[in-house]
Amino acid sequence: MTTVAVSRWLPAEPASVVRARRPVGASRAARGAPAHVDGLALITGEPVADAVRHAASPRRPVPRQVPGGTLVEVCDEDPRHPVVQVAEPSGPRHRGVFVVETLSSTQGVVPTTTGTCVRAELALDPRNTGGTERT
Amino acid sequence: MGTSTTPPAGGDEAQLTALGTHDVRPEFDVSHEERDGRLVVHVVGELDYHTAPRLQTYLSSRLDRPVVLDLEGVEFCDSSGLGCLVEAYKRAGAAGGRFSVAAPHPFVRRVLELTQLDQIVPMFATVPDALRGS
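Bear in mind the structure is a predicted one, so any value in this text is a computation, not a measurement. (Residues numbered from 1 in each chain as written. Chains lettered and ligands numbered in written order. Predicted model: local features only at pLDDT ≥ 70, side-chain atom pairs only at ≥ 80, totals over all residues. Heavy atoms only, no water.)

### Concerning the overall build of chain A
Test applied: Helical segments are the DSSP runs of H or I of at least four residues, strand segments are the runs of E of at least two, and each set is numbered from the N terminus. Between buried and exposed lies partly exposed: a residue is buried under 20% and exposed over 50% of the maximum accessible area for its type, with that area taken using a 1.4 Å probe on protein chains only. In what follows, residue pairs with any heavy atoms lying within 4.5 Å of each other are defined as contacts.
Counting secondary structure elements, chain A contains three helices and five strands. Mapped in sequence order, the helices and strands of chain A form the string β-α-α-β-β-α-β-β. Going through the 135 residues of chain A one by one, you find that 47% of them count as buried. Long-range contacts, defined as pairs at least 24 residues apart, comprise 63% of the intrachain contacts of chain A with a sequence gap of at least 6.

If you want it as structure tokens, here you go:
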């Protein structure tokens, strides 16, 4: 029998975005509603991409069911807080934090002893639980 | 000989940790065809921080003519994917071409609307609609 040691931390490389996002969508906390799963994947992937973009290794995010929604926390060891940057209407960048803030019912950045955690909660509202939306 | 994963399955954290050991390359493919003198580029998979540069590279040499980007096969798009669409739109304008997107999934369309990119990049419900409108 071979034992695979699994790190709680993701490497600072682009593939870590899907490494973080896909399991979150498949988790029990995602509750299976397609639009909620997509939203959860987005609010997970954006801070992970931001961490990787700044060469930080994020901790593997774990969604948690909370009353009325799902909470995702993405932590890394970069002490800098992500900030909303105003994207030029026709500019290619700076929409990630805006997307997370817009989709989330609550969102914030919490400093830790070693870095920061981005917390975002996605509400289970009718728009996010539209199980028949995707065809 | 079997393979086990530590820690053992137990809550969501153990479940996610186990899933994280799988091959997680994002599904992504891009191809194109000529239709009515226009280029229809078909994308299949997830358009994200990992794959958007590939699409940008694919499009960059093809934007001197009308291009319709068929998003019917794209089930997920993040801000990097959005940035790729904006960049293609701008490059097409600079190269004398035209760029539009067609058939976005409801969630992708919602993200385009949230970021108001639907007011920048022409968006159509179907590829034939885009071909008629481009």
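### Overview of the pairing of strand β5 (residues 116-123) of chain A
All names here are of chain A. Heads up, the rule is: At least two DSSP bridges between two strands are needed for those strands to be called paired.
Buried residues dominate β5, accounting for six of its eight residues. In the sheet, strand β4 (residues 106-111) pairs with β5 via six bridges, with the strands oriented antiparallel. By the bridge assignment for β5, threonine 106 is matched with glutamate 121. Between β4 and β5, which follow one another and run antiparallel, lie four residues.

### Thoughts on the state of the cysteines
In protein chemistry, a disulfide is the covalent bond that joins the sulfur atoms of two cysteines. Heads up, the rule is: The disulfide criterion is simple: two cysteine sulfur atoms within 2.5 Å.
Enumeration over the complete set of coordinates arrives at one disulfide over all chains. The disulfide that involves Cys75(A) links it to Cys117(A), with 2.0 Å between the sulfurs. Every disulfide takes its handedness from the sign of the S-S torsion; for Cys75(A) and Cys117(A) that torsion is 105°, giving right-handed. Of this pair, Cys75(A) sits in strand β3 (residues 69-76) while Cys117(A) sits in strand β5, and the two are 42 residues apart along the sequence. Summarising the burial analysis for this pair, Cys75(A) and Cys117(A) share the class buried. Between Cys77(B), a cysteine without a disulfide, and Cys84(B), which holds the nearest cysteine sulfur, the sulfur-to-sulfur distance is 8.4 Å.

### Some words on unusual backbone geometry
All names here are of chain B. In this structure, aspartate 36 takes a positive phi of about 55° despite not being glycine. Mapped onto the elements, aspartate 36 comes out in the loop between β2 (28-35) and β3 (38-47). At glutamine 116, a residue that is not glycine, the phi angle is positive and equals roughly 65°. Relative to the elements of secondary structure, glutamine 116 occurs in the loop between α4 (106-114) and β6 (123-124). Taking relative accessible area as the criterion, glutamine 116 reaches 49% and is therefore assigned partly exposed.

### Observations regarding the environment of Arg95(A)
If you trace the backbone, Arg95(A) turns up in the loop between β3 and α3 (96-103). C-alpha of Arg95(A) to C-alpha of Glu46(A): the two residues are 49 residues apart in sequence and 9.3 Å apart in space.

### What about the pattern of salt bridges?
Filter applied, for reference: The term salt bridge refers to a side-chain nitrogen of Lys or Arg lying within 4 Å of a carboxyl oxygen of Asp or Glu.
If you walk through the whole model with that rule in mind, you get eleven salt bridges over all chains. A salt bridge links Arg53(A) to Asp50(A); the nearest nitrogen and oxygen atoms lie 3.8 Å apart. Of the two residues, Arg53(A) and Asp50(A) both sit in helix α2 (residues 34-53), three residues apart, roughly one turn of that helix. The class of Arg53(A) is partly exposed, set by a relative accessible area of 35%. Owing to a relative accessible area of 21%, Asp50(A) belongs among the partly exposed residues under this scheme. As a salt-bridge pair, Arg65(B) and Asp64(B) come within 3.1 Å of each other at their nearest N and O atoms. Relative accessible area serves as the criterion here: at 29%, Arg65(B) is assigned to the partly exposed category. Each member of the salt-bridge network shares a partner with another, and the members are Arg21(A), Arg22(A), Glu46(B) and Asp48(B).

### A closer look at the confidence of the model for chain A
How we decide: Per-residue confidence from the predictor is reported as pLDDT, which spans 0 to 100.
Averaged over every residue, the pLDDT of chain A is 80; residues scoring 70 or more account for 77%. With pLDDT under 50 throughout, residues 128-135 of chain A is counted as low confidence; its partners more than four residues away or in other chains account for 20 contacts.

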